[in-house]
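Results of the structural survey
This is what each chain is made of:
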Amino acid sequence: MRVNPEPTVVVPVFNAPDETARCLESLLAHGDASTRVIVIDDASTDNRVPELLAAWRRQAPASWRFEANRENLGFVATANRGMRATSGDVVLLNSDTVTTPGWLQGLARCLASDPAIATATPWTNNGEIASMPGFCQVNPVPDDPAAVAEAIRQAGAPLYPDLPTAVGFCMAIAREAIEQVGVFEEAVFGRGYGEENDFSMRAQQAGLRNVLCDDSYVVHLGGRSFGPLGLEPNEESMQRLLGRHPGYLEQVMKFIREDPLADRRRAVLAAIERAGVRLG
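The notes below deal with the structure included here. (Residues numbered from 1 in each chain as written. Predicted model: local features only at pLDDT ≥ 70, side-chain atom pairs only at ≥ 80, totals over all residues. Heavy atoms only, no water.)

Both faces of strand β7 (residues 170-173) are covered, namely the face carrying Cys170 and Ala172 and the face carrying Met171 and Ile173. Pairing of strand β4 (residues 90-93) with β7, which is carried by four bridges, proceeds in the antiparallel orientation. Of the residues in β7, the one forming a bridge with Val90 is Ile173. Inspection of the sheet shows strand β6 (residues 117-123) paired to β7 by two bridges, in the antiparallel sense. Residue pairing for β7: Ala120 is matched across the bridge by Ala172. (Buried < 20%, exposed > 50% of the residue type's maximum accessible area, 1.4 Å probe, protein only. Helix = DSSP H or I, 4+ residues; strand = E, 2+ residues; numbered from the N terminus. Pairing = 2+ DSSP bridges.)

Shown next, in the form of C-alpha cells:
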C-alpha cells in the first residue's frame, strides 16, 4: 500500500449559497488544521456567494484556499483548475454535499490500497450507482448522516468493489491517474456533464480501476449548485460521451442489471439497522 498525504478537496462553487455554506461547515467540522481545501467560485451571479466566501476566507484554516474565476467557465474548467492547483491526489466535491466524520480518511485509504485505483466514489443517498438504500434512486437525506457513516464503518472491512464509472458528486482521483490520462476534456464536454464518465473510461482503458469506497458516506442534496445552468443529462451530452466511448452505455446498463453491489449493500444496510439508525 502506498502512503500519500490526504487528498486535497476541491469545491467548485456556482451560486447556491445556503448549500455551499452547509458543505463548507461540514468540511471544517470533519477536517483538521492540515486538511487542504481549495474553494473556487465560478463567477457566481448570486451576490451572497462572494460575501459568504469572503467571510469564510477570514475564518478558515490556513490550509484552505479561496479562488475565483473572472468569468463563468463551467464545472469542467473549474474542476480542472483545482486539479492543476495541487500535485497530489484530489477529491472533487460538489458544493451541494455534506461530508461526515472520517469521509476523507476513508477515501485516502481507498486510493492508497491499490496503485491501480484511479477514482473512488463513496456511498451516498443520491448518487446513482453509489446510492443507498435504494440502488440508482434519489433517497432522502438521513436525519443523522454521521451515525450512518459510523454504522457503515461497522459493516466489515471495505471491499472497494469496481464501478464502471465514478459518480461526480464526490470523486476522489489519484494523482497517478491524472498523470496517465490527463484532466477533464474541456473542449469536448464544455460546461459540464459526461466529463467524469469520460475520465473514468479513459482510466479504465489505461488499465486502471474505478471503485466504490464502501466504508465512506457523503450526503448529496442534488442539483443545487451547477443545476441552475441546466447542466443535466441530455441527448447531446450523451452522444458526445458515446462518440468517444461507444460501449459506455451498455457497460453501465449491464452493471445496473446485474447489481454486483447488492450483497455489500445488504451488509451495510444490516449494520445500519443494527445500529438503530434511520435513513430517512
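Here the narrative resumes.
What follows concerns the sheet that holds strand β3 (residues 64-68). Read from one edge of the open sheet, seven strands run β3-β2-β1-β4-β7-β6-β8, paired in mixed fashion. Either end of the sheet is taken by a strand with one partner, and the two such strands are β3 and β8 (209-217). When the angles between neighbouring strand axes are averaged without regard to direction, this sheet yields 20°. Of the pairings in the sheet, the one linking strand β2 (residues 37-41) to β3 comprises five bridges and is parallel in character. Bridge pairing in β3 places Asp41 opposite Ala68. Contacting β6, β7 and β8, helix α8 (residues 195-205) runs over the sheet at an angle of about 30° to β7. (Axes fitted to C-alpha atoms, helices over the stretch in contact; angles between N-to-C directions. Contact = heavy atoms within 4.5 Å.)

For the rest of this paragraph, the subject is helix α3 (residues 75-84). α3 sits mainly inside the fold: eight of its 10 residues count as buried. Listed in full, the buried residues belonging to α3 are Phe75, Val76, Ala77, Thr78, Ala79, Asn80, Gly82 and Met83.

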